[in-house]
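Each chain, written out:
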Amino acid sequence: MGRREPSRGGASAPAQLTADQQRKREVKMMADSDSADVALIGNTDLTSSESENNIVNTMVEKGTALLRKIEINVPEAEKRTGKNTVNMQETYTAYLIETRPAESLPEGSVPATPDSLWRRYSEFELLRMYLLVTYPYIIIPPLPEKRAEFVWHKLSADNLDPDFVERRRVGLENFLLRVASHPVLSTDKIFYRFLTEEKKWKDEVLETGFQDKADSRLKSLSAMYRVKNPDKKFTALKLYSDELSAAISQLLRVRARVADRLYGVYKVHGNYGRVFSEWSAIEKEMGDGLQSAGHHMDTYAASIDDILEEEEHYADQLKEYLFYTDAVRSVCRKHELIQYELETAAQDLVSKKQQKEELTTGTVRIFSLKGMTSKIFGQESQEQRESRLAALEQSIQEGEEALKEKNKECQEFLQTAWEDIERFKEQKDRDLRDALINYAIMQITMCKKGIQVWSNAKECFNKM
Amino acid sequence: MDINGQTLPADFSGHMLDMDEDEDLEVFSKKTSHVDGDGNPVPNSPSSMVNQYRLEEDGDEEHRDIHTKDLYITVDDPESHVTAIETFIMYRVLTRTTRSEFDSSEYEVHRRYQDFVWLRSKLEENHPTLIVHPLPEKFVVKGMVERFSNDFIETRRKALDRFLKKTANHPVLSFSPHLQVFLTEADLASHKKQGPGFLSRMGETVRAVANTVRGLKSRPEEFTQMQEYLEVFSSKITSADKVTQRIIREQKEYLDELKQYHPMYVQWANSEDVLADSLKSVADCVERCSKETEEQTQHLSEILCPAIHEYVLCADTLKGVMKRRDNIQAEFAAKNEVLASRKAEKEALQEEVDAHADRLEQANNVLKEDWPRWKSDIRTDLRSALISTAEKNMEYYEKCLAVWESFLFSQRPEPREQSDGDHVF
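Residues numbered from 1 in each chain as written. Chains lettered and ligands numbered in written order. Predicted model: local features only at pLDDT ≥ 70, side-chain atom pairs only at ≥ 80, totals over all residues. Heavy atoms only, no water.

The name given to chain B in an unreviewed UniProt entry is Sorting nexin 7, with the source organism recorded as Cynoglossus semilaevis.

By the naming in an unreviewed UniProt entry, chain A is Sorting nexin 4, taken from Cynoglossus semilaevis. We quote the UniProt Sequence similarities (unreviewed entry) comment for chain A here in full: "Belongs to the sorting nexin family." (UniProt positions renumbered as here; feature names shortened; annotations may be inferred.)

K.L.:
Before we go on, may I ask you to explain the side chain of B:Arg157 in this structure?
P.N.:
All names here are of chain B. Mapped onto the secondary structure, Arg157 falls in helix H4 (residues 150-169). Judged by its relative accessible area of 16%, Arg157 is buried. Among the polar contacts listed, one links the side chain of Arg157 to the backbone oxygen of Val75, at a separation of 2.7 Å. (Helix = DSSP H or I, 4+ residues; strand = E, 2+ residues; numbered from the N terminus. Buried < 20%, exposed > 50% of the residue type's maximum accessible area, 1.4 Å probe, protein only. Polar contact = N/O pair within 3.5 Å; in protein donor to acceptor, adjacent residues only side chain to side chain.)

K.L.:
Would you take a moment to explain the domain arrangement of chain B for this structure?
P.N.:
Accessible area lost when the parts come together is the quantity often used to give the size of an interface. Residues and elements named next belong to chain B. Domains assigned within chain B are domain 1 (69-188) and domain 2 (218-411). Taken together, the contact pairs 19 residues of domain 1 with 22 residues of domain 2. Its largest share of buried area at the contact with domain 2, domain 1 owes to Pro128, Thr129 and Ile131, together 36% of the area lost on that side. Our count for the domain 1 to domain 2 interface comes out at five salt bridges. (Domains from an automatic or database assignment. Contact = heavy atoms within 4.5 Å. Buried area = accessible area lost by both parts, 1.4 Å probe. Salt bridge = Lys/Arg side-chain N within 4 Å of Asp/Glu carboxyl O.)

K.L.:
Just to check I follow, could you spell out a negative patch on the surface for this structure?
P.N.:
Residues B:Glu347, B:Glu351, B:Asp354, B:Asp358 and B:Glu361 make up a contiguous surface patch of negative charge. As for its placement among the helices and strands, B:Asp358 is situated in helix H11 (residues 346-410). (Patch = residues over 30% accessible without salt bridge, like charges linked within 9 Å, V, L, I, M, F, W, Y side chains within 5 Å. Areas by Shrake-Rupley, 256 points an atom, 1.4 Å probe, with all protein chains shown as cover. Lys, Arg positive; Asp, Glu negative; His and termini not counted. Charge placed at Lys NZ, Arg CZ, Asp CG, Glu CD.)

K.L.:
Just checking my understanding: could you explain the nonpolar core for this structure?
P.N.:
As a rule of thumb, nonpolar side chains are buried together in soluble globular proteins. With 131 residues, the main nonpolar core has A:Trp279, B:Phe233, B:Tyr265, B:Trp268, B:Trp374 and B:Trp404 as its most contacted residues. Among the elements of the structure, helix H10 (232-280), helix H11 (287-361) and helix H13 (382-462) of chain A together with helix H8 (221-258), helix H9 (261-271), helix H10 (276-341) and H11 of chain B are those that each provide at least two residues to this core. Ignoring any residue separated from it by four or fewer positions in sequence, one finds B:Phe233 in contact with A:Trp279, A:Ile282, A:Glu283, B:Tyr311, B:Ala315, B:Trp374 and B:Ile378. The next biggest cluster of nonpolar side chains, apart from the first, holds 33 residues, and it includes A:Ile138, A:Phe175, A:Phe191 and A:Leu195. (Core = buried A, V, L, I, M, F, W, Y, C linked by side-chain atoms within 4.5 Å.)

K.L.:
Which parts of the structure should I look at to understand the sheet that holds strand E1 (residues 71-82) of chain B?
P.N.:
All names here are of chain B. Taken together, three strands build an open sheet; the order of strands is E1-E2-E3 and the sheet is antiparallel. The outermost strands of the open sheet, each flanked by one partner alone, are E1 and strand E3 (106-112). Taking the axes of each pair of neighbouring strands and ignoring which way they run, one obtains an average angle of 20° across the sheet. Along the sheet, helix H3 (residues 113-126) makes contact with E1, strand E2 (87-97) and E3, crossing E3 at roughly 105°. Its contacts with the sheet place H4 against E1 and E2, and it is angled at close to 150° to E1. (Pairing = 2+ DSSP bridges. Axes fitted to C-alpha atoms, helices over the stretch in contact; angles between N-to-C directions.)

K.L.:
What is the right way to look at the pattern of salt bridges in this model?
P.N.:
Side-chain pairing between opposite charges can occur once the charged atoms of the two side chains come close. Going through the model one piece at a time under the given rule, you end up with 63 salt bridges over all chains. As a salt-bridge pair, B:Lys122 and B:Glu125 come within 3.6 Å of each other at their nearest N and O atoms. Here B:Lys122 pairs with B:Glu125, and both are found in helix H3, just three residues apart, close to one helical turn. Classification of B:Lys122 by relative accessible area gives buried; the value is 6%. Overall, B:Glu125 belongs to the partly exposed group, its relative accessible area being 27%. One salt bridge in this structure joins B:Glu310 and B:Arg162, with 2.5 Å as the shortest N-O distance. Linking B:Glu310 in helix H10 with B:Arg162 in helix H4, this pair joins segments that are 148 residues apart in sequence. Judged by its relative accessible area of 29%, B:Arg162 falls in the partly exposed class. Taken together, the salt bridges that share partners define one network made up of A:Asp215, A:Lys219, A:Lys334, A:Glu341, A:Lys406 and A:Glu409.

Pasting the structure below:
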């Protein structure tokens, strides 16, 4: 699981950590390794941030052409005020996107200044919508949540809260890397422009006219209910994505409640700190022991903040896959739509052929308005019949062409979509397993801190 | 937003949880330690001064208490008794002794809570300035436990047991004839009828209130110091008690939520194939951690909480002792005044005054001797309860640590050829 694992596929991408990320990682490692003897069982010497970086590095090391060319970061976020579309003042956050050439530099040379531009969340949303419409057979990576959900009570649900902004920044960076490491999406020109062209990008993306190509919600829903023979694999996939979505949502909800309670437990211990301290003032022999024990209780109470902060990362990893299930469902719906259109086209053709048959043989098998009116108003003339027949023949031919096209579309969709789904499955299994490992590491850190504090407290109590 | 409607700052590290549910608990903030009016730290505890008066023999005597148990008492076997009018619990009191005052070396009697109350009131009556160990409360105040639930009965039994053991250990109280009667007589009812009645006790109280103010004015310094210590101690130990009970409550609620993890992970595992094993492992881990949490909470309830609570009651007892001493002093002072003003009946009054003087001196000495004993008990009892708690907490974290480390171990990738020798996988 180490990050120095040679990447499969032969192309060796250099370590894609910026100096900033590297620095942060080192600081974290120093902070985490406060216990004298680090257990070297399995991966317990791995910090949780290292584990997270593994995910990033695996993405990056897979090596798309784009990532071989450039390195992408979202290093900063900034509060801005400006006028919105209805010309009202509003406050929003802008995120800095940095790209720099990926080639490893010779020793001692100064790295080139990166290209950078600022984007706000709504622009990311626009990009994603474009990708959704343009690549309906691809599971498009999700954006970090628009509003904070599954919060436990101390965490602010305010979009402008610095913790929320920070987590969103990380999420946006993750999104860009996901897209950049996707074999198909990474080649998209609009995506590249998003990273490189600040001002004109919006016009460019709108000019693609993707908004017109979007399937209406009504159309999608209608297909979902009326389709008769969706591919079994897709039906199973849809079911799975519903189950995964439910499982993760419930887990996140429980996690939030557990976090809330655990926060309470730790913080109440802080009250011991004050009580012991004040009590120690009237004691002679017990005073010192009580006083120092009190300090350790304060430390214990304070430690929960970092612990729960770490746990937010785990929650974010789960959330990413929760949102991924939406993208999966999107692909399934597209399949249903195409399949439905195929079935409709086939059905149409059958009905037209039957009409033709009726017309030629004179038998009325299907109720038709023309049939009824001819019964009431009298048979049509030979001429009329022949012209109708000709029109029908034409229609049938067109119908057959359309069916062939639709079939081809369906097959292509099935193939390309399923390829991406396989890729996605592998990624999901890998990433979620990493998340679970991450969680275990966090628990271990928490336990180690607990042992330390209570061991210190015990020493103080001994001195009483 | 906290309950006062203020927005909490993002950095919570300095803040402790507001004890908003407990009205008497102050909102804890970082205040400086206890100081007097001049800003000096409160002087050393009275025991350090009283220590000067203690002779070597006292030290030996204390040792004797602990190590030579010539009076060994246990309280066990609670049994429910149902009569037409009431239901109550009877406890078995077993005594083993080598003392000559006792006719036999072993006794078994059955006592109910009321009997213990009688015994204690007798002890206090006869030794007004000795520190008699408190009994468990009649009712549980916050109503957390039902009156006859097993937990309640067991907690009470332990406290009654401690009461008798502490009393048996006391150099003076253990020789009380009332204690002997309590331990040996099959039927306590006849003995209970004797002694000053309720009304005379009332009279004492009234006099006590009247005399309190006068007594305070000329209280010897050492007792003032005791009083001051006691006030702070009482307040702090009460706070500690509330904190401990709050922690137990919070942990129980935490445990309830924690238990929900297991079914979540199991359910998720059922939808997965590759991930199923890892998820089931995690489910297993959280379950084990839940069990450990339950055990640790239990330990708090059984060890730390009762120990601290006992001293809350002790502090209350001691307040009573201080009052009674003050009363005795006040009575003496009153009599003395009368003597000074009425020169005619001087001789008769003088005797009375002398009697009160003796009584006061005895009361003072008795208290002075008992105080350090009590202080030392605080130290021993609370220290051991706190150490035990710290050890249990360490054990709890160590066990959980092992659970998660074994999970990580199970998730190791299959060993493969390492070209990079630095890494241990």
